[in-house]
Amino acid sequence: MFSLSALLAAVLAVAWVAVDAFQTSYQESMVHRPSPSIHLSDHLTNIHSLHTLSASTQSNEQITNSEIDTLFNILCDSTILFDPSRGTCCRNKCSGCTYLDDSGNFLFDEYVATADDAQGGWLAPYVKVDFGDRIQVSAWSKVLFPDAETKEMERCDVEKLLGEPDVGELAMQSLWTVLSPSAGYPRLSSTEIVRAIKGMEGAQYEKGGAVDYSSFSTAMLNAAATSIASDRNDSEKIDYDALSKEELLQMVEERGMKTNFPKMKRIIIEELRFWDANGRQGKRHPVKNTLS
């Protein structure tokens, strides 16, 4: 009979042979395994696709100086007139009025852009000024409100009114934001655009609230940055324009917002969008009627 130790030695020997055979077979299969085929054309196609995707993403996430220049040049005036009374004169040519010159004409200040002025002009802080012998209509109002019947314009009309300039969607959206007194305006009147211009950061008080190129450019870039951040953080925006006034007021109530504002649909949407952007209800300026 085999002893226990002899039997154990035999088992170990068989196991060792089996392991050695497996390793040899595995190594031979790895040596003869064909490598995957790599086609240069496929590789170049992938690189081109990645480059195109990157360029497309970048183009949608920035506005260029050229786009800002184009929009400013369409809307700006190279000459603006300033009413020194800031609208307080009744224009009745009252005896002793300090806003009349020796000839009885209304006084005004005139500013003309020079070669030293960046982009040479301003967004005028008015639709029209009338000093009797001198009347001037702002360039932006003639472009955006081409006839007397046009009282308001909608977002979808802006590009056509501007003559379909060579600018991207982000630049057009940023312009709408800049021309709005605050967020949430589905349409704009000329009066609201005047408020937006006068309320813009950098508006020049000594020129009645006119906005130069530098301030316009800053406002456009800030609006674009806000729009990009909003798109990234809120991919599922609520289409407030598609809701009824009753549904909008219900959303106001659900948010616990105060309702001490006019119950106009445009105002309600403005309040809701300010809440969405800031996480709180805005305070409305008593004069500018803007939210902050």
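See the structure above.
Residues numbered from 1 in each chain as written. Predicted model: local features only at pLDDT ≥ 70, side-chain atom pairs only at ≥ 80, totals over all residues. Heavy atoms only, no water.

A. Representation of the overall build of the protein chain. Helix and strand counts for the protein chain come out as 10 helices and 8 strands. Burial analysis of the protein chain (292 residues in total) assigns 34% to the buried set. Restricting the contact set of the protein chain to residue pairs at least 6 apart, pairs at least 24 apart contribute 57%. (Helix = DSSP H or I, 4+ residues; strand = E, 2+ residues; numbered from the N terminus. Buried < 20%, exposed > 50% of the residue type's maximum accessible area, 1.4 Å probe, protein only. Contact = heavy atoms within 4.5 Å.)

B. Representation of the nonpolar core in the model. If you look at the biggest cluster of nonpolar residues, it comprises 48 residues, and the most contacted ones within it are L71, W140, L144, L175, I193 and F216. Aside from chain neighbours lying at most four places away, what touches L71 is L162, P165, V167, A171, M172, L175, F216 and M220. (Core = buried A, V, L, I, M, F, W, Y, C linked by side-chain atoms within 4.5 Å.)

C. Spotlight on the packing of aromatic side chains. Applying the stated rule across the entire model yields 2 aromatic pairs. Plain terms: the ring middles of F72 and F216 are 5.4 Å apart, the flat faces sit at 45 degrees to each other, and that makes the pair tilted. Of this pair, F72 sits in helix α3 (residues 65-75) while F216 sits in helix α8 (residues 213-233), placing them 144 residues apart in sequence. The residues F72 and F216 share a single accessibility class, namely buried. Taken together, F72, Y213 and F216 form an aromatic cluster joined through their ring pairs. (Phe/Tyr/Trp six-rings, centres within 6.5 Å; stacked < 30°, edge-to-face > 60°.)

D. Spatial organisation of helix α7 (residues 190-198). Of all 9 residues in α7, 7 are buried, a share of seventy percent or more. Residues S190, E192, I193, V194, R195, A196 and I197 constitute the buried set of α7.

E. Summary view of the pairing of strand β1 (residues 79-82). The two faces of β1 match: T79 and L81 on one face and I80 and F82 on the other face are all buried. Pairing of β1 with strand β2 (residues 109-112), which is carried by 4 bridges, proceeds in the antiparallel orientation. Paired with I80 across the two strands is Y111, which belongs to β2. (Pairing = 2+ DSSP bridges.)

F. Spatial organisation of the packing of α3 against helix α6 (residues 169-179). For the pair α3 and α6, interaxial distance at closest approach is 10 Å and the crossing angle is 45 degrees. Considering their axes alone, α3 and α6 lie oblique with respect to each other. Between α3 and α6 lies a crossing of right-handed hand. For the pair α3 and α6, contact is made by E67, L71 and L75 and by A171, M172 and L175, respectively. Residues that form the contact of α3 with α6 fall into these classes: 5 nonpolar, no polar and 1 charged. (Axes fitted to C-alpha atoms, helices over the stretch in contact; angles between N-to-C directions. Parallel < 35°, antiparallel > 145°, perpendicular 65-115°, else oblique. Left-handed = near helix turned anticlockwise from the far one by under 90°. Nonpolar A, V, L, I, M, F, W, Y, C, P; charged D, E, K, R; others polar.)

G. Molecular detail of unusual backbone geometry. Phi at E164 takes a positive value of approximately 50 degrees, unusual for a residue other than glycine. Inspection of the secondary structure puts E164 in the loop between α5 (158-161) and α6. Looking at E164, the relative accessible area reads 58%, which means it is exposed.

H. Representation of the pattern of salt bridges. Inspection of the entire model under this criterion finds 9 salt bridges. Residues R284 and E270 are paired through a salt bridge, measuring 3.5 Å at the closest nitrogen-oxygen approach. With R284 in the segment after α10 (265-278) and E270 in helix α10, this pair connects stretches of sequence that are 14 residues apart. Among the residues examined, E270 registers a relative accessible area of 0% and is labelled buried. Among the charged side chains, a salt-bridge network with shared partners connects E270, E271 and R284. (Salt bridge = Lys/Arg side-chain N within 4 Å of Asp/Glu carboxyl O.)

I. Expanded view of the side chain of T290. On the secondary structure map, T290 appears in the segment after α10. Given the relative accessible area of 15%, T290 is considered buried. For T290, the residues in contact, after removing those within four places along its chain, are P181, S182, R195, K283, R284 and H285.

J. The packing of helix α9 (residues 245-254) against α10, seen in detail. Direction vectors running N to C along α9 and α10 enclose 30 degrees, while the axes themselves pass 10 Å from each other. Overall, the two elements α9 and α10 adopt an arrangement that is roughly parallel. Considering how the two elements wind past one another, α9 and α10 form a crossing that is left-handed. From α9, K245, L248, L249, M251 and V252 reach across to α10, where they touch K265, I268, I269 and L272. Of the residues assigned to the contact of α9 with α10, the class counts are 7 nonpolar, no polar and 2 charged.

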